[in-house]
Amino acid sequence: MTVTEFSLTPLSTSKINEILIFTGFLFMYLLAVVGNLIIILLICTATQLRTPMYFFLCNLSSVDIIYVSTTLPKMLSITITKDKTISYYGCITQLYFSIFCTTAEDSILTSMAYDRYVAVCSPLHYSLIMTRKVCFIIVTSCMVLIALNSIMVILLISTLSFCYSHKINHFFCESRALMVISSSDITGREIVFFAEDICLVVFSFLFILISYARIFSSILAIRSAKGQLKAFSSCSSHIITVLLFYGPIIFIYLKPDSKQSDKEEKLLSMLYMAVVPMLNPFVYSLRNKEVLGAIRKFVKKITRHTKTEII
């Protein structure tokens, strides 16, 4: 039997809840796209933000825009039109980009942890280690490997048979939700995906934890309280983003299915898929003097340009 389409499951069926969900999703989507676009624009135009940390942040913002654009517009469409169907190829495409963006964000956060480690633990060698060439190689190699990994996952999923059900118990095409409704033997794939989660998520998270253990050790070795505060403030935004991103993912993908409800999994998915991309621009701007300074300069420049045109 050839599959032509799937049916997605929205978060709620109540009319009032659907209005609230639509408003919330639309707000998160617009805020995520606009906020991350502003971050990208600032980093590209402000000379004081042309450093390795902001280079990684620019890539993170780009991935976040793709991430929310992969899933939220379809969710908004379902809420308005009541049409829960998604074509087979549309589902596979959505799955590819969601996997790509999740693993890309994972690798970028790991790269940012390494950047902070070098900045705090080896400040004298920072400019020699974290050159533009090195940053470009890190990001490019990660993206190529992630793209290949995403293709491998898609090939494993696309060869599944769906004879019994086409109803995906999720608000987007998610790999585990697709495997649940498959009539094929998924034992081998589950082992592969579990190993992949361990390699990509757990090892990355452990690398970040080890990096920050060394960072905090170096910060505590600083004698002045002002120096400790300055070193810690340079890492605080990244720490918040890491906790927001990894918390829900580890809970969803590494916890046994019997210990979590479908509704709980959907809400946690929404956290790392919609809430985190929306919060990232605020986390990195409101807690960062350099970004706030770039925003003030950008606003002043626009204001002056506007006044000149009026005159």
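Residues numbered from 1 in each chain as written. Predicted model: local features only at pLDDT ≥ 70, side-chain atom pairs only at ≥ 80, totals over all residues. Heavy atoms only, no water.

**Here we look at the overall build of the protein chain**
What the protein chain contains, in helices and strands, is 10 helices and three strands. In the protein chain, the succession of helices and strands from N to C terminus is β-α-α-β-α-α-α-β-α-α-α-α-α. By residue count, 47% of the 311 residues in the protein chain fall in the buried class. Across the protein chain, every contact between residues at least 6 apart in sequence was considered, and the portion connecting residues at least 24 apart equals 78%. Per element, the accessible surface of the protein chain, about 16,400 Å² overall, is 69% carbon and sulfur. (Helix = DSSP H or I, 4+ residues; strand = E, 2+ residues; numbered from the N terminus. Buried < 20%, exposed > 50% of the residue type's maximum accessible area, 1.4 Å probe, protein only. Contact = heavy atoms within 4.5 Å. Areas by Shrake-Rupley, 256 points an atom, 1.4 Å probe, with all protein chains shown as cover.)

**Side note on the state of the cysteines**
Applying the stated criterion across every chain, the model contains one disulfide. One disulfide in the model links cysteine 91 with cysteine 173; its S-S distance is 2.1 Å. Disulfide cysteine 91-cysteine 173: the torsion about the S-S bond is -130°, which places it as left-handed. Taken together, the positions of cysteine 91 in helix 3 (residues 88-121) and cysteine 173 in the loop between strand 3 (167-168) and helix 6 (175-180) put the pair 82 residues apart, joining distant regions of the chain. As far as the burial class goes, cysteine 91 and cysteine 173 line up, both buried. (Disulfide = S-S within 2.5 Å.)

**Points about the packing of helix 3 against helix 5 (residues 132-158)**
Contact geometry of helix 3 with helix 5 gives a least axis separation of 9 Å together with a crossing angle of 145°. In this structure, the crossing between helix 3 and helix 5 has a hand that is right-handed. Contacts from Tyr88, Ile92, Leu95, Tyr96, Ile99, Phe100, Thr103, Ala104, Ser107, Ile108 and Ser111 in helix 3 reach Ile138, Cys142, Met143, Ile146, Ala147, Asn149, Ser150, Ile151, Val153, Ile154, Ile157 and Ser158 in helix 5. Taken together, the residues of the contact of helix 3 with helix 5 break down into 17 nonpolar, six polar and no charged. (Axes fitted to C-alpha atoms, helices over the stretch in contact; angles between N-to-C directions. Left-handed = near helix turned anticlockwise from the far one by under 90°. Nonpolar A, V, L, I, M, F, W, Y, C, P; charged D, E, K, R; others polar.)

**Brief notes about unusual backbone geometry**
Positive phi values are uncommon outside glycine, yet lysine 82 reaches one of about 70°. Taking relative accessible area as the criterion, lysine 82 reaches 48% and is therefore assigned partly exposed.

**Notes on the packing of aromatic side chains**
Summed over the entire model, instances satisfying the criterion amount to 12 aromatic pairs. Among the aromatic residues, ring-to-ring pairing joins Phe6, Tyr88, Tyr89 and Phe162 into one connected group. (Phe/Tyr/Trp six-rings, centres within 6.5 Å; stacked < 30°, edge-to-face > 60°.)

**Things to note about the sheet that holds strand 1 (residues 5-8)**
Strand order in the open sheet formed by three strands is 2-1-3, with mixed pairing between adjacent strands. At either margin of the open sheet sits one strand with a lone partner, and together these are strand 2 (85-87) and strand 3. Note: strand 1 against strand 3, two bridges, orientation parallel. Across the sheet, the residue bridging to leucine 8 is isoleucine 168, located in strand 3. Contacts from helix 3 reach strand 1, strand 2 and strand 3 within the one sheet, and its direction differs from that of strand 2 by about 85°. (Pairing = 2+ DSSP bridges.)

**Thoughts on the UniProt feature "transmembrane region" (unreviewed entry) in the protein chain**
On the UniProt side, "transmembrane region" (unreviewed entry) is annotated at positions that read residues 20-44, 134-157, 191-210, 231-254 and 266-286 here. Its end C-alpha atoms 36 Å apart, residues 20-44 is made of 100% helix and 0% strand. Annotation note: span residues 134-157, helix share 100%, strand share 0%, distance between end C-alpha atoms 35 Å. (UniProt positions renumbered as here; feature names shortened; annotations may be inferred.)

**Here's the deal with the nonpolar core**
Counting 90 residues, the largest nonpolar core has Phe6, Ile157, Ile168 and Leu178 as the members making the most contacts within it. It is helix 3 that provides the largest number of residues to this core, a total of 15 residues. (Core = buried A, V, L, I, M, F, W, Y, C linked by side-chain atoms within 4.5 Å.)

**What about the pairing of strand 1?**
A one-sided burial pattern is seen for strand 1, the buried positions being Phe6 and Leu8 and the unburied ones Glu5 and Ser7. The pairing of strand 1 with strand 2 spans three bridges and is classified as antiparallel. Paired with phenylalanine 6 across the strands is isoleucine 86, a residue of strand 2.

**Thoughts on helix 5**
With 27 residues, helix 5 extends 38 Å between its outermost C-alpha atoms, agreeing within 8% with the 39 Å of an ideal straight helix rising 1.5 Å per residue. Among the residues of helix 5, those classed as buried are Cys135, Val139, Met143, Ile146, Ala147, Asn149, Ser150, Val153, Ile154 and Ile157. Looking at the buried side of helix 5, the elements it contacts are helix 2 (52-81), helix 3, helix 6 and helix 7 (187-221). (Expected span 1.5 Å × (residues − 1).)

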